[in-house]
Amino acid sequence: MAGPGADHHNHSDVLLKVVHRARFAAIREAEQHVETTDAYVINTLPNARTMAQYKRLKARIVTVDPGRDIVMQRIEDMRQPGMKAVATKWYRANRGRSRSAMPQASREW
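### Some points on the packing of helix 3 (residues 68-78) against helix 4 (residues 83-93)
- One way to put it is that helix 3 packs onto helix 4 with a least axis distance of 10 Å and a crossing angle of 165°. Relative to helix 4, the element helix 3 is oriented roughly antiparallel. Of the two elements, helix 3 crosses helix 4, and the hand of that crossing is right-handed. On the side of helix 3, the interface is formed by R68, V71, M72, I75 and E76, while helix 4 contributes M83, K84, A87, T88 and Y91.
- Here the residues of the contact of helix 3 with helix 4 sort into six nonpolar, one polar and three charged.

In structure tokens form, the structure reads like this:
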């Protein structure tokens, strides 16, 4: 949405608002088609309300976790430093849960 050559992870407040509203509109539209079409939604830290909505929709929740070390390295290489706090929060919230959904790295980064 930012255009060619733009940093894909460092946006102005206005662009973030536009992107978030577009995302939520797309998710709401996808919810109208769950009987006929699969939709994949990436949601790093869904709140209780969002999880309840997924449950009502009978969504299949898949956790994709290549491991903390790989995630932190990807952030170091490709994302804004503030994303480390988001990843740390995710790992704290998911401590002790199985990584069986995707325990391996998808590729060498």
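Next comes the rest of the write-up.
### Observations concerning the pattern of salt bridges
- For the structure shown, the criterion picks out one salt bridge.
- With a shortest N-O distance of 2.5 Å, K84 and E76 are connected by a salt bridge.
- Classification of K84 by relative accessible area gives partly exposed; the value is 31%.
- Owing to a relative accessible area of 51%, E76 belongs among the exposed residues under this scheme.

What counts as what
Per chain, residues are indexed from 1 in the order of the written sequence. Restriction of local features to residues with pLDDT of at least 70 applies here, the model being predicted, together with a cutoff of 80 or more for giving and counting side-chain atom pairs; totals for whole chains, interfaces and linings are based on all residues. Think of the side-chain values as coming from all heavy atoms in the structure, minus any hydrogens and water. Each axis is a line fitted through C-alpha atoms, and for a helix only the stretch in contact is used; angles between axes span 0 to 180 degrees, taken between their N-to-C directions. Only runs of H or I of at least four residues qualify as helices and only runs of E of at least two qualify as strands under DSSP, and these elements are numbered from the N terminus. These descriptions rest on fixed angle ranges, namely under 35 degrees for roughly parallel, over 145 for roughly antiparallel, 65 to 115 for roughly perpendicular, and the rest for oblique. Here a crossing is called left-handed whenever its near helix is offset anticlockwise from the far helix by less than a right angle, and right-handed whenever the offset is clockwise. By definition, residues are in contact when any of their heavy atoms lie within 4.5 Å. Gly is put with the polar residues, along with every residue not named as nonpolar or charged; the nonpolar set is Ala, Val, Leu, Ile, Met, Phe, Trp, Tyr, Cys and Pro, and the charged set is Asp, Glu, Lys and Arg. The salt bridge definition used is simple: a Lys or Arg side-chain nitrogen within 4 Å of an Asp or Glu carboxyl oxygen. Exposure classes here rest on a 1.4 Å probe applied to the protein chains alone. A residue is buried below 20% of its type maximum, exposed above 50%, and partly exposed in between.

Read these as geometric descriptors, not functional statements.
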